[in-house]
Amino acid sequence: MFKELLRLHRSQNAPIPLEDFNTEVLAGILKMYPDILERFCADLLGLPDEKYSIYTQLRQNISGQDPNCIIDFVLEGEYSICFIENKIESSEGYRQLQRYITALRENHKDKKHYLFYCTLYSDP
């Protein structure tokens with residue numbers, strides 16, 4: 001987890017959104033504690049019982065004129081995939097959730113799709 005946080009800190013010249021740090025900390029905890037990952041997936045998210053791999057800042061290409069996506073947090077199992085978008089003191093980007101739906105449909109046709117939008121403050 002600490003390597004990812006340090007890499008995130010050094011990777012940009014501009015201020016880094018707080019949500020990126022939040023994402024990396026959550027991913028680090030879930031990677032270190034498989035029992036917590038299992039409960040997080042099953043109890044909190046309601047995902048099917050599978051072994052999930054964790055990815056952060058995952059780039060996804062989509063067709064059309066919309067820009068490609070960078071998904072904050074991804075849980076991928078053999079039969080299911082879950083995108084989680086974290087927001088802290090920011091709002092949804094241009095057609096962001098719609099682009100994520102397109103990315104799920106185009107890039108993960110053989111899996112069951114899940115999409116969660118987590119925000120610290122209400123986003124209209």
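Residues numbered from 1 in each chain as written. Predicted model: local features only at pLDDT ≥ 70, side-chain atom pairs only at ≥ 80, totals over all residues. Heavy atoms only, no water.

Asks: Teacher, can you tell me more about the overall build of the chain here?
Replies: Summing up its helical and strand segments, the chain has 4 helices and 4 strands in all. The order of α-helices and β-strands along the chain, N terminus first, is α-α-α-β-β-β-α-β. Looking at the 124 residues of the chain, the share that counts as buried comes to 38%. Within the chain, contacts between residues separated by at least 24 positions form 57% of all contacts whose residues are at least 6 apart in sequence. (Helix = DSSP H or I, 4+ residues; strand = E, 2+ residues; numbered from the N terminus. Buried < 20%, exposed > 50% of the residue type's maximum accessible area, 1.4 Å probe, protein only. Contact = heavy atoms within 4.5 Å.)

Asks: Hey, could you run me through the side chain of K87 in this one?
Replies: Here K87 is to be found in strand 3 (residues 80–87). When neighbours within four sequence positions are excluded, K87 is seen to be in contact with E19, E92, G93, Q96, Y117, C118, T119 and L120.

Asks: Honestly, the confidence of the model for the chain in this entry has me stumped. Any pointers?
Replies: Any segment with low pLDDT has predicted coordinates that should not be analysed in fine detail. Of the residues in the chain, 85% reach a pLDDT of 70 or more, and the chain-wide mean stands at 85. Mean pLDDT in the chain bottoms out at helix 1 (residues 2–10), which sits at 54, and peaks at helix 3 (residues 34–44), which reaches 96. (pLDDT = per-residue confidence, 0-100.)

Asks: I tried to follow the packing of aromatic side chains on my own but got confused; where do I start?
Replies: Applying the stated criterion across every chain yields a total of 1 aromatic pair. Between F83 and Y100 the ring centres are 6.3 Å apart and the planes differ by 90 degrees, which places this aromatic pair in the edge-to-face class. Linking F83 in strand 3 with Y100 in helix 4 (residues 96–107), this pair joins segments that are 17 residues apart in sequence. (Phe/Tyr/Trp six-rings, centres within 6.5 Å; stacked < 30°, edge-to-face > 60°.)

Asks: Would you mind showing me how to read a nonpolar patch on the surface here?
Replies: There is a patch of nonpolar side chains on the surface, built from V25, I29, M32, Y33 and I36 and spanning about 430 Å² of accessible area. Ranked by residues supplied to the nonpolar patch, first place goes to helix 2 (residues 18–32) with 3 residues. Summarising the element assignment, V25 is placed in helix 2. (Patch = residues over 30% accessible without salt bridge, like charges linked within 9 Å, V, L, I, M, F, W, Y side chains within 5 Å. Areas by Shrake-Rupley, 256 points an atom, 1.4 Å probe, with all protein chains shown as cover. Salt bridge = Lys/Arg side-chain N within 4 Å of Asp/Glu carboxyl O.)

Asks: Honestly, the pairing of strand 2 (residues 69–76) in this entry has me stumped. Any pointers?
Replies: For a regular strand, the rule is simple: side chains alternate between the two faces of the sheet. Among the 8 residues of strand 2, 6 are classified as buried, and the element is accordingly described as predominantly covered. Pairing of strand 1 (residues 53–60) with strand 2, which is carried by 7 bridges, proceeds in the antiparallel orientation. Looking across to strand 2, one finds that I54 is bridged to L75. Alignment of strand 2 against strand 3, held across 4 bridges, turns out to be antiparallel. Pairing of L75 across the sheet is with C82, part of strand 3. (Pairing = 2+ DSSP bridges.)

Asks: So what exactly am I meant to see when it comes to the sheet that holds strand 1 here?
Replies: The pairing of strands in a sheet happens through backbone hydrogen bonds and is either parallel or antiparallel. If you trace the 4 strands from one edge of the open sheet to the other, you get 1-2-3-4, paired in mixed fashion. The sheet is open, and its two borders are formed by strand 1 and strand 4 (112–119), each paired with just one other strand. Taking each pair of neighbouring strands and ignoring which way they run, the sheet shows an average axis angle of 30 degrees. Against the sheet, helix 3 touches strand 1, strand 2 and strand 3, its axis set at about 105 degrees to strand 2. (Axes fitted to C-alpha atoms, helices over the stretch in contact; angles between N-to-C directions.)

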